[in-house]
Each structure stands twice: as C-alpha cells, then as structure tokens.
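Structural overview
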Amino acid sequence: MNILLLGSGGREHAMAAKLAQSPRCSKLFIAPGNAGTAKTGVNVKIDIMDFDAVAAFVRDNKIGMLVVGPEAPLVAGIVDYFRSRSEFKGLLTIGPSQVAAQLEGSKDFAKEFMQRHGIPTAAHRTFTPSTLAEGQAFLETLRAPYVLKADGLAAGKGVLIESDLGAAKASLAEMLGGKFGEAGSRVVIEEYLDGIELSVFALTDGHHYVMMPAAKDYKRIGEGDTGLNTGGMGSVSPVPFADKAFLKRVEDRIVKPTVRGLREEKLDYRGYIFFGLMNCGGDPYVIEYNVRMGDPESESVFPRVKSDLVDLLERCAHGMLDRAILTVDQRTAACVMMVAGGYPERYAKGALIDLGTDAPDTQLFHCGTALDDEGRLVTAGGRVLCATALADTLPEALLKSYNRVESIGWEGKYYRRDIGQDLLKMMV
Ligand code: AMP
Ligand code: GLY
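For the structure given in this document, a descriptive report is provided here.

Each value, and the rule that gives it
- Residues numbered from 1 in each chain as written.
- Chains lettered and ligands numbered in written order.
- Predicted model: local features only at pLDDT ≥ 70, side-chain atom pairs only at ≥ 80, totals over all residues.
- Heavy atoms only, no water.
- Axes fitted to C-alpha atoms, helices over the stretch in contact; angles between N-to-C directions.
- Helix = DSSP H or I, 4+ residues; strand = E, 2+ residues; numbered from the N terminus.
- Parallel < 35°, antiparallel > 145°, perpendicular 65-115°, else oblique.
- Contact = heavy atoms within 4.5 Å.
- Near = heavy atom within 4 Å.
- Polar contact = N/O pair within 3.5 Å; in protein donor to acceptor, adjacent residues only side chain to side chain.
- Areas by Shrake-Rupley, 256 points an atom, 1.4 Å probe, with all protein chains shown as cover.
- Nonpolar A, V, L, I, M, F, W, Y, C, P; charged D, E, K, R; others polar.
- Pairing = 2+ DSSP bridges.
- Buried < 20%, exposed > 50% of the residue type's maximum accessible area, 1.4 Å probe, protein only.
- Arc of directions from axis to C-beta.
- Phe/Tyr/Trp six-rings, centres within 6.5 Å; stacked < 30°, edge-to-face > 60°.
- Lys NZ or Arg CZ within 6 Å of the ring centre and 35° of its normal.

Across the interface, helix α1 (residues 10-21) lies against helix α12 (residues 309-317) with an axial gap of 7 Å and an inter-helix angle of 100°. In terms of axis orientation, α1 runs roughly perpendicular to α12. Within the contact between the two elements, α1 uses Met-15, Lys-18 and Leu-19 and α12 uses Leu-309, Val-310 and Leu-313.

Next up on the list: the site of ligand 2. Neighbouring ligand 2 are the residues Asp-217, Phe-274, Asn-290, Arg-292, Gly-294, Asp-295, Pro-296 and Glu-297. Note that a nitrogen atom of ligand 2 is positioned 2.7 Å from one of the side-chain N or O atoms of Asp-217. Between ligand 2 and the protein, one listed contact pairs an oxygen atom with a backbone N or O atom of Asp-295 at 3.0 Å. Notes on ligand 2: free accessible area 200 Å², of which the protein chains cover 85%. Tallied by class, residues from the shell around ligand 2 come to two nonpolar, two polar and four charged.

Take the site of ligand 1 next. Taken together, 14 residues sit near ligand 1, with Glu-190, Glu-191, Leu-193, Glu-197 and Glu-288 positioned nearest. Between a nitrogen atom of ligand 1 and a main-chain N or O atom of Glu-191, the distance comes to 2.9 Å. Between ligand 1 and the protein, one listed contact pairs an oxygen atom with a side-chain N or O atom of Glu-197 at 2.4 Å. Contact with the protein chains covers 87% of the free accessible surface of ligand 1, which is 470 Å². Broken down by secondary-structure element, the contributors of at least two residues to the shell around ligand 1 are β7 (146-150), β8 (159-162) and β17 (283-290). Its residues assigned to classes, the shell around ligand 1 comprises seven nonpolar, no polar and seven charged.

Turning to the sheet that holds strand β6 (residues 124-127), a few remarks are in order. Two modes of strand pairing occur in sheets, parallel and antiparallel, and in both the strands are linked by backbone hydrogen bonds. Strand order across the open sheet formed by four strands is β6-β9-β7-β8, with antiparallel pairing between neighbours. This sheet does not close on itself; its edge strands, each paired only once, are β6 and β8. Each strand axis lies, on average, 20° off the axis of its neighbour in the sheet, ignoring direction. Direction of pairing for β7 relative to strand β9 (residues 187-190): antiparallel, over a ladder of four bridges. Among the inter-strand pairings, Lys-149 is bridged to a residue of β9, identified as Val-188. Across the face of the sheet, helix α8 (residues 132-141) comes into contact with β6, β7 and β9 while running at roughly 155° to β6.

Along helix α3 (residues 51-60), the residues that are buried comprise Phe-51, Val-54, Ala-55, Phe-57 and Val-58. Projected down its long axis, α3 shows its buried positions confined to an angular sector of 165°, all on one face. With respect to the buried face of α3, the exposed residues turned more than 90 degrees away are Asp-52 and Asp-60. For α3, the elements touching its buried residues are β1 (2-7), β2 (28-32), β4 (63-68), α4 (71-75) and α5 (78-83). Lys-62 sits one or two residues past α3 and shows a positive phi near 45°.

For the rest of this paragraph, the subject is helix α9 (residues 165-179). For α9, every residue scored as buried is listed here: Ala-168, Ser-171, Leu-172, Met-175 and Leu-176. Buried residues in α9, looked at end-on, bunch into an arc of 125°, giving them a common side. Turning to α9, the residues buried within the fold contact β6, α8, β7, β8 and β9. You can read the cap of α9 off the contacts: a side-chain oxygen lies 3.1 Å from the backbone nitrogen of Gly-166, and it is on Asp-164. Once α9 finishes, Gly-181 follows within two positions and takes phi at roughly 60°, a positive value.

So, on to the pairing of strand β18 (residues 332-340). With nine of nine residues buried, β18 is to be regarded as a mostly interior element. In this sheet, strand β22 (residues 383-391) lies alongside β18 in antiparallel orientation, the contact comprising eight bridges. Paired with Val-339 across the bridge in β22 is Arg-383. Judged from the two bridges that link them, β18 and strand β23 (residues 413-414) form a sheet pairing that is antiparallel. Residue pairing in the sheet places Val-339 in a bridge with Tyr-414 of β23.

Quick look at the packing of aromatic side chains now. Per the stated rule, a full pass over the model turns up eleven aromatic pairs. With a centroid separation of 4.9 Å and an interplanar angle of 70°, the aromatic rings of Phe-82 and Phe-88 are classed as edge-to-face. Under the relative-accessibility criterion, Phe-82 is labelled buried at 1%. A relative accessible area of 6% places Phe-88 in the buried class. When the centroid spacing of 5.7 Å and the interplanar angle of 40° are considered together, the rings of Phe-127 and Phe-138 count as tilted. In this pair, Phe-127 is assigned in strand β6 and Phe-138 in helix α8, connecting sequence segments eleven residues apart. When sorted by exposure, Phe-127 lands in the same class as Phe-138, which is buried. Cluster of aromatic residues (ring-pair linked, three or more members): Phe-51, Tyr-81, Phe-82 and Phe-88. Sitting above the plane of the Phe-138 ring, Arg-125 keeps its charged end 5.0 Å from the centroid. For the cation-ring pair, Lys-216 lies above Tyr-218, with the distance from its terminal atom to the ring centre recorded as 4.7 Å.

Here is the structure:
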C-alpha cells in the first residue's frame with residue numbers, strides 16, 4: 001500500500017523510518033517532510049492545511065493510508081474531510097475526527113470530557129471576557145502558583161504559571177483581552193499539580209487500545225530545566241519512575257475511562273492519543289490530551305516499537321485493535337535534540353551541517369533541515385536534528401547518543417548536556 005504521512009518534524013522522520021521498515025509499505029510519501037524524510041521516502045510539496053491539494057495527491061498517487069502527524073490539520077477536520085467523501089471510502093485515515101480532536105483543540109472541552117468520565121485532573125473553571133471579574137475573584141480563592149490556560153491551540157505558548165496573585169489577575173485580563181487572539185477568548189484556570197511529568201501514549205480505534213511505550217521529554221532550553229519553553233530538547237523511553245504498578249494505575253484510571261468515554265460519546269477516534277500526565281506521589285493526573293504523538297517523544301518511542309506499524313495502523317483504522325499486540329524493545333532509548341543557537345527566540349537558518357559519523361544502534365532524525373540550491377544539507381528551523389540511541393541501560397544510551405551528537409557540527413549548534421540526568425539521580 002502507498003502511504004502519505006503529513007508533517008515535517010523529527011516526529012514524522014521517526015514515524016517515516018518505522019513505516020518504511022514494513023513490508024506492507026510500497027511507496028512512502030511525506031508532505032512536506034524535511035531533508036531526512038527525503039531519504040526515507042519521497043517528499044511532496046503540499047500545504048497540509050489545503051485539504052483539496054492533499055486530496056488531489058491521494059487520488060493521483062493511489063494512496064491507501066493517510067497518517068496525520070501534527071494537530072493542526074486534525075483540529076481543522078482533515079479526517080472528516082476524507083471520511084465524508086465516497087471517493088475516499090477505501091482510504092485508511094489515521095487520526096481523530098474534528099470533534100474528537102477538540103480534546104487537544106479546546107482545553108475546556110478536554111476538562112469537561114474528563115469530568116464526565118471521572119478521569120483524574122486538576123480542578124478547574126473556565127472564564128470568558130464577560131466573566132473576567134468572576135475569574136479574578138476565583139483566583140483569590142486559590143493558592144499559588146496559579147495556572148492559566150488559553151482554551152484554544154496556542155503552539156505550546158498558551159499556558160501561564162504565575163506565583164503571584166496580582167500577576168495572575170493581570171495575566172487573566174490580558175489573555176481575555178486578546179493576547180493569544182481567538183485561542184484566548186476562553187481561559188481555563190486550574191489547580192496547580194505538584195509532581196513530575198511524563199508522556200503516555202496509546203493507539204486507539206475508539207473502542208480498543210494498545211499502549212505504546214511511555215516517555216519523558218525535556219521542555220526548557222536550559223540545563224536543569226531552566227529558561228524558556230521549547231518544542232522539546234530531548235526524551236527518554238522508558239521512564240524509570242513509571243514502573244509497572246504506576247502504568248497499571250494510568251491504564252485503569254485514565255486510558256480505559258478515556259477510551260470508554262470516546263465510545264459512549266460516539267466520538268470517531270482512530271489514531272494516537274497522548275496523555276500528558278503528572279505523577280503526584282504515585283497517583284497520575286491528566287495535564288492535557290494531545291491528539292497526536294509527541295515530539296521529541298516519538299524519536300525515542302518509535303525506535304522501541306518492534307511490531308509492524310503499518311499492520312497496527314491498518315487494524316486501528318478498521319476498529320480491530322482488540323486483536324493487536326504491540327511488541328516493544330526492552331532496551332532504553334535516549335534522544336538528544338540539537339538546536340540552532342538563540343532558539344526558541346531569534347536564530348539563524350541556512351548554516352551548513354556536517355553530519356559526522358554513523359554509530360551502531362544510533363539513529364539520526366531530522367527536524368528543521370533542508371537542502372540548499374546546491375544540494376547541501378543546511379539548518380532550516382530552531383530544532384534541527386536529534387540523535388537517538390538504544391542500549392541496555394539509560395547511562396549507556398545517553399553516552400551513545402551524546403557521542404553521536406558531538407560528532408555533528410554546524411555554526412551555532414546548541415544542545416542540553418543534562419538529558420536524563422534527573423532520572424539517573426532518582427535511580428540511585
Ligand atoms: P499544557 O499545554 O497544558 O501541557 O501545559 C504546559 C505545561 O504547563 C505543562 O507541560 C506543565 O509543565 C505545566 N502545567 C500545565 N498545567 C499544570 C498544572 N495544573 N499544574 C502544574 N503544572 C502545569
Ligand atoms: N513534547 C510535547 C508535545 O509534543 O506536545
């Protein structure tokens with residue numbers, strides 16, 4: 001079967017590498033892709049938000065499966081677009097419907113869903129510009145720190161955590177006053193959860209699910225988790241503190257009720273679901289749902305998946321995940337992200353990249369890379385490349401990954417040297 005994968009990041013490169021391994025995959029296309037996916041399959045220049053253009057490509061290239069990487073096309077209804085047209089009846093589309101994608105597209109929708117299905121999450125209330133005064137009064141009833149979230153998609157920038165009541169009230173006024181545009185026309189205020197974060201993933205057909213490997217990502221730019229938030233500076237899978245007993249609680253208290261909720265509410269969801277969790281003293285709480293895989297979690301999760309991914313996705317699209325088994329490599333994967341100096345603020349593009357030398361059990365995934373007019377590999381984004389290594393232990397995986405990272409060069413390259421260090425400290 002011919003497969004079209006939408007997206008252009010490291011997540012998509014990691015997915016593409018896994019899809020391409022399958023004997024079931026004939027031709028793999030990635031739209032728009034990056035310089036790495038161009039080697040795994042064929043990149044196609046299409047605007048993935050232009051569904052008519054995607055449809056024309058699907059039609060002309062006899063695509064049998066459409067896999068959607070990022071959230072934006074899902075929240076905009078790409079799955080409904082294809083499922084509602086008889087011409088595409090045979091096309092297997094991986095992702096939730098537009099309504100189900102509201103689990104990521106609207107924080108308020110997600111919170112209400114969790115409340116209806118008894119899923120543990122921080123207590124919350126939602127406010128609009130006309131209820132600003134109530135919102136500010138509500139803040140007075142809470143204890144610091146205060147968590148304010150723009151309701152809609154805000155590219156990871158819509159969450160503010162304020163330690164001061166005055167600042168929290170001012171931020172609420174700013175958000176409802178249009179600071180985040182339409183995404184902030186409603187603001188969720190919620191209780192602060194004190195704990196340690198991790199990312200749990202499942203593939204669901206809306207009735208059944210299979211658990212994917214869990215991962216931990218590193219969001220801040222600076223070592224010791226300091227500085228600005230980024231799209232992710234590295235990841236590790238499995239997560240040492242998420243032992244069997246903890247993951248069973250996650251499954252029983254969160255994954256099962258979520259899938260039951262999808263079924264009861266007749267939400268069409270055939271794709272990945274990402275549970276952003278807080279482990280509070282051994283009890284898991286949902287911070288957020290995402291309706292896609294994580295990035296850079298994918299870069300440590302997919303290298304551990306041993307099962308045929310095309311086969312799994314096919315079962316998912318057909319609602320037959322009850323018969324699926326996911327085999328996972330028991331080794332540890334560590335992924336270190338290399339970014340352009342200055343990221344996540346101003347940074348340069350177009351620097352020539354020297355890819356260094358390959359190493360065993362190590363994979364290099366491209367994020368923001370491109371080929372220049374002369375066919376040379378250059379930086380084309382903030383997050384540029386990441387190296388994932390597999391090994392029997394976390395220290396070995398980190399060592400291999402860092403060795404690979406150090407062999408790569410371009411002007412302005414930056415990476416955190418402390419990926420996984422917090423986990424190592426916890427383990428001793
Ligand atoms: P979100 O976009 O909902 O994932 O929030 C972004 C980040 O803010 C999360 O990754 C957490 O680190 C933090 N965060 C969100 N909600 C809470 C909460 N209720 N308590 C503590 N931290 C939170
Ligand atoms: N790594 C967090 C995310 O993909 O949203």
